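Observations on the model geometry
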Amino acid sequence: QVQLVESGGGLVQPGGSLTLACAASGIIFSRYRMGWYRQAPGKEREVVAYISSSGITYYTDSVKGRFTISRDNAKNTVSLQMNSLKPEDAAVYYCNGRLFIADYWGQGTQVTVSS
């Protein structure tokens with residue numbers, strides 16, 4: 001049974017920081033491309049960042065220089081360090097694991113950016 005469990009969401013003031021974590025089980029984690037997506041109310045889910053099995057990273061333009069994705073294959077975890085948060089970063093953040101046709105999602109964690 002595959003599980004992706006996110007943690008670390010919460011309320012933060014603009015300019016603040018949060019670190020999201022995703023713990024994976026039931027997959028050969030090191031082979032998967034792991035990513036973070038987000039969905040704000042009334043908007044489509046969008047990719048935030050992902051990291052390949054070899055460690056190559058991708059960031060959507062709006063988070064470049066502020067967010068950092070990393071993975072720990074020994075612990076089967078992927079993290080998203082989010083700095084300089086803006087109100088427009090508020091959303092439900094989802095962890096994703098992808099390998100060929102296999103595509104798994106976590107349940108999501110809420111990030112609220114507000115003063």
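Above: the structure in question.
Below, the structure is looked at part by part. (Residues numbered from 1 in each chain as written. Predicted model: local features only at pLDDT ≥ 70, side-chain atom pairs only at ≥ 80, totals over all residues. Heavy atoms only, no water.)

Core analysis: the largest hydrophobic core is formed by 29 residues, its most contacted members being Trp36, Val78, Leu80, Met82 and Tyr93. Taken together, the elements giving at least two residues each to this core come down to β3 (18-25), β4 (33-39), β5 (46-51), β7 (67-72), β8 (77-82), β9 (91-99) and β11 (109-113). Of the residues forming this core, the biggest block, four residues, is contributed by β3. When neighbours within four sequence positions are excluded, Leu80 is seen to be in contact with Leu18, Thr19, Leu20, Trp36, Val48, Ala49, Phe67, Thr68, Ile69 and Tyr93. (Core = buried A, V, L, I, M, F, W, Y, C linked by side-chain atoms within 4.5 Å. Buried < 20%, exposed > 50% of the residue type's maximum accessible area, 1.4 Å probe, protein only. Helix = DSSP H or I, 4+ residues; strand = E, 2+ residues; numbered from the N terminus. Contact = heavy atoms within 4.5 Å.)

Attention shifts here to the sheet that holds β8. Taken in spatial order, the four strands of this open sheet run β1-β3-β8-β7, and their pairing is antiparallel. If you trace the sheet from one side to the other, it starts and ends with β1 (3-7) and β7, each paired once. Strand-to-strand twist across the sheet, computed as the mean angle between neighbouring axes with direction ignored, equals 15 degrees. Pairing analysis gives six bridges linking β3 to β8, with the strands arranged antiparallel. Counterpart to Leu20 in the pairing with β8 is Leu80. (Pairing = 2+ DSSP bridges. Axes fitted to C-alpha atoms, helices over the stretch in contact; angles between N-to-C directions.)

To continue, consider the pairing of β4. Taken across its seven residues, β4 has five buried, putting it largely inside the fold. Pairing of β4 with β9, which is carried by seven bridges, proceeds in the antiparallel orientation. Paired with Arg33 across the two strands is Arg98, which belongs to β9. Pairing analysis gives five bridges linking β4 to β5, with the strands arranged antiparallel. Paired with Met34 across the strands is Ile51, a residue of β5.

Turning our attention to the pairing of β5. Two successive antiparallel strands, β4 and β5, enclose a turn made up of six residues, where Gly42 displays a positive phi of approximately 80 degrees. As paired elements, β5 and strand β6 (residues 57-59) share three bridges and run antiparallel to each other. The partner of Ile51 across the bridge, within β6, is Thr57. Where β5 folds back on β6, the antiparallel hairpin that results is connected by five residues, among which Gly55 adopts a positive phi of roughly 95 degrees.

Attention now goes to the pattern of salt bridges. For the structure shown, the criterion picks out five salt bridges. Between Arg38 and Asp89 there is a salt bridge; the shortest N-O distance is 3.0 Å. Of this pair, Arg38 sits in strand β4 while Asp89 sits in the loop between β8 and β9, placing them 51 residues apart in sequence. By the burial criterion, Arg38 is buried, and Asp89 matches it. Residue Asp89 pairs with Arg66 through a salt bridge whose shortest N-O separation is 2.7 Å. Residue Asp89 is located in the loop between β8 and β9, and its partner Arg66 is located in the loop between β6 and β7; the two are separated by 23 residues in the primary sequence. For Arg66, a relative accessible area of 10% translates into the label buried. Through salt bridges with shared partners, one network takes in Arg38, Glu46, Arg66 and Asp89. (Salt bridge = Lys/Arg side-chain N within 4 Å of Asp/Glu carboxyl O.)

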